[in-house]
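If you want the building blocks of each chain, they are given just below.
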Amino acid sequence: MNLNRRVRVRFAPSPTGPLHIGGVRTALYNYLFAKKHQGDFILRIEDTDQNRLVPGAEQYIIDALQWVGIGPNEGVGFGDGEFSSYRQSERKDSYRQYAEKLITNGYAYYAFDTEEELAQLRTANANAKYDYTTRGKLNNALTLSADEVAMKLAKKVPYVIRLNIPANEEITFHDEIRGNVTVNTLEMDDKVLLKSDGMPTYHLANVCDDYVMNISHVIRGEEWLPSAPIHVLLYRYLGWEEVMPKFAHLPLLLKPDGNGKLSKRDGDRLGFPVFPLQWTDPNTNEVSSGYKQNGYLPEALVNMLAFLGWNPGGTKEIYSLEELIGAFTLDRISHGGAKFDAEKAKWFNHEYLKSKSNEELSILVKSLVDEHFGPFSSAYIAAVCALVKDRMFLLNDILNYRYLFQNPASYDEVNLGKIKSIKEGLPFADLNLALQSMAGNNSLEIEKLFQDFAAEKSIKMGDLMKFLRVSLVGELSGPAIPDLIALIGIENAIERIKNCYIQ
Ligand code: GLU
């Protein structure tokens, strides 16, 4: 390969549903590789299988890449390059010439077999493939005379174009992750390249587009490894082997127990999202959760996904996108599957949440707060964040802190029982006075004043705090009482205590 070849990589999903996090990881590795080499990252939509298209899936893919922050610089939804379209259905007419060139050179052939004839082939032998063992008995240009073929074409008898796979040939190609891979053509079948409606299949469209779009590296999931020898043959037969992209097949993303591939159906069933954004199935209206809506930060998702199947060595785990770009190399991608770890995903998110300033975090949780607790000033929300961010794993954890925004709606009998004696022994008026004297103090000063107050009233500081905790929070949990009072303010604290007294 020309060493100076510009790096051009593509993410080429089929819009048959929402993007799964395995797909996001593939896109991310392409993005990191392109940025590392100052190359191009392209989004190509492979929609040649029109029967499997799902409405909204293409837009979902675009939105997801945008939210994750790994937008391509060329392709559908992301700015024009030199091609009129990056959607294969709109490039339909460009592929036939290549299929015909293969026919001319003897590497492909017309096949006129009807559905019934193909079904018969399988009835005779369930494992039968359309290959060197069967093609000689089937209805195609290899068994028909040239005149018969010409006549069928003239009469517009439906046909497909199939790749003429040689028998018993070793195909070897280099994979950047796995090294040399060899497959014997005996294991392959004569793949359809062009369908009867004139649409190319995945194999033809994918290879032609990679060639035409000057793709330098194909970085894709391991499930495409069996397709690679077919693609290598296509490059060879089309005379493009010189510029064939380098291949890198990424390890599978596995379920947390390592038992099989993480599938689109696993997500909510196993208790974590498998989609970057929430997705509503247009046919069933079933809603699947998304990382965004569950309160993950895109940078945490990126960091977590980058480490699922790759690592830069060493013990450092928190890498910004810039650092990932700097460190990323294909040779550090692992060979074996990577087990998804939902707890680790939360840990990454926690680390990123903690590293935000209170102001940054307040902007991120503002809409959640407004929606659930009513409007609050950004300054107040930032003060709440300062108090709780060390305990937040998801942005949505802010919703666990209703009492930092609203008075307790009611008091639980059990908790009231626990503070009964102190409530009866300590008049509200005394506490009210003590609290009023605290106005304008910070939490350290408030704590000191409570110690003095407890000593003066001969009550244990622990009992006093328990009483205040129940009256201010409604339950026996939450941040330190002086911090809480400094946050909600003296007036509101007095109001809450009063409410508790009248229970
Ligand atoms: N359209 C294929 C997919 O859905 C693309 C595979 C490839 O990158 O070659 O993933």
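Predicted, not measured: the structure shown is a model, and the values here were computed from it. (Residues numbered from 1 in each chain as written. Predicted model: local features only at pLDDT ≥ 70, side-chain atom pairs only at ≥ 80, totals over all residues. Heavy atoms only, no water.)

**Describing the packing of helix α6 (residues 202-212) against helix α7 (residues 228-237)**
Packed helices, taken two at a time, are described by the angle their axes make and the gap between the axes.
Reasoning step 1: Interhelical geometry of α6 versus α7 gives an angle of 55° and a closest axis separation of 10 Å. The angle between the axes of α6 and α7 places the two elements in the oblique class. Between α6 and α7 lies a crossing of right-handed hand. Side by side, α6 and α7 meet where Y202, H203, L204, N206, V207, D210 and Y211 of the first sit next to I230, H231, L234 and Y235 of the second.
Reasoning step 2: By residue class, the composition of the contact of α6 with α7 is seven nonpolar, three polar and one charged. (Axes fitted to C-alpha atoms, helices over the stretch in contact; angles between N-to-C directions. Helix = DSSP H or I, 4+ residues; strand = E, 2+ residues; numbered from the N terminus. Parallel < 35°, antiparallel > 145°, perpendicular 65-115°, else oblique. Left-handed = near helix turned anticlockwise from the far one by under 90°. Contact = heavy atoms within 4.5 Å. Nonpolar A, V, L, I, M, F, W, Y, C, P; charged D, E, K, R; others polar.)

**Examining α6**
Reasoning step 1: Within α6, nine of the eleven residues are buried, which leaves it mostly tucked inside the rest of the structure.
Reasoning step 2: Where α6 is concerned, the buried positions are Y202, H203, L204, A205, N206, V207, C208, D209 and D210.
Reasoning step 3: Looking at the packing, one finds that the buried side of α6 touches β1 (8-11), α3 (96-104), β8 (192-194), β9 (217-221) and α7.
Reasoning step 4: Of the residues one or two after α6, N214 is the one with positive phi, at around 60°. (Buried < 20%, exposed > 50% of the residue type's maximum accessible area, 1.4 Å probe, protein only.)

**Re the sheet that holds strand β4 (residues 108-111)**
Reasoning step 1: Ordered by their spatial adjacency, three strands build an open sheet running β4-β5-β8, and the pairing between neighbours is antiparallel. Strand pairing shows two members of the sheet lacking a second neighbour, β4 and β8, which therefore form its edges. Sheet twist, expressed as the average angle between the axes of neighbouring strands with direction ignored, equals 40°.
Reasoning step 2: Looking at chain direction, β4 and strand β5 (residues 160-163) are connected through four bridges and run antiparallel. Pairing of Y110 across the sheet is with I161, part of β5. (Pairing = 2+ DSSP bridges.)

**Observations concerning the packing of aromatic side chains**
Reasoning step 1: Evaluated as defined, the whole model comprises 28 aromatic pairs.
Reasoning step 2: A ring pair is formed by F376 and F405, whose centres lie 5.0 Å apart and whose planes are at 70°; its orientation type is edge-to-face. Taken together, the residues F376 in the loop between α12 (358-373) and α13 (378-388) and F405 in the loop between α13 and α14 (413-418) connect sequence positions 29 residues apart.
Reasoning step 3: Both rings, one in Y401 and one in Y403, keep their centres 6.1 Å apart while their planes meet at 70°; by these two values the pair is edge-to-face. For the pair Y401 and Y403, a shared accessibility class is recorded, and that class is buried.
Reasoning step 4: Taken together, Y29, F307, W310, Y319, F328, W347 and F348 form an aromatic cluster joined through their ring pairs.
Reasoning step 5: Just above the ring of F112 sits the side chain of K152; from NZ or CZ to the centre is 5.6 Å. (Phe/Tyr/Trp six-rings, centres within 6.5 Å; stacked < 30°, edge-to-face > 60°. Lys NZ or Arg CZ within 6 Å of the ring centre and 35° of its normal.)

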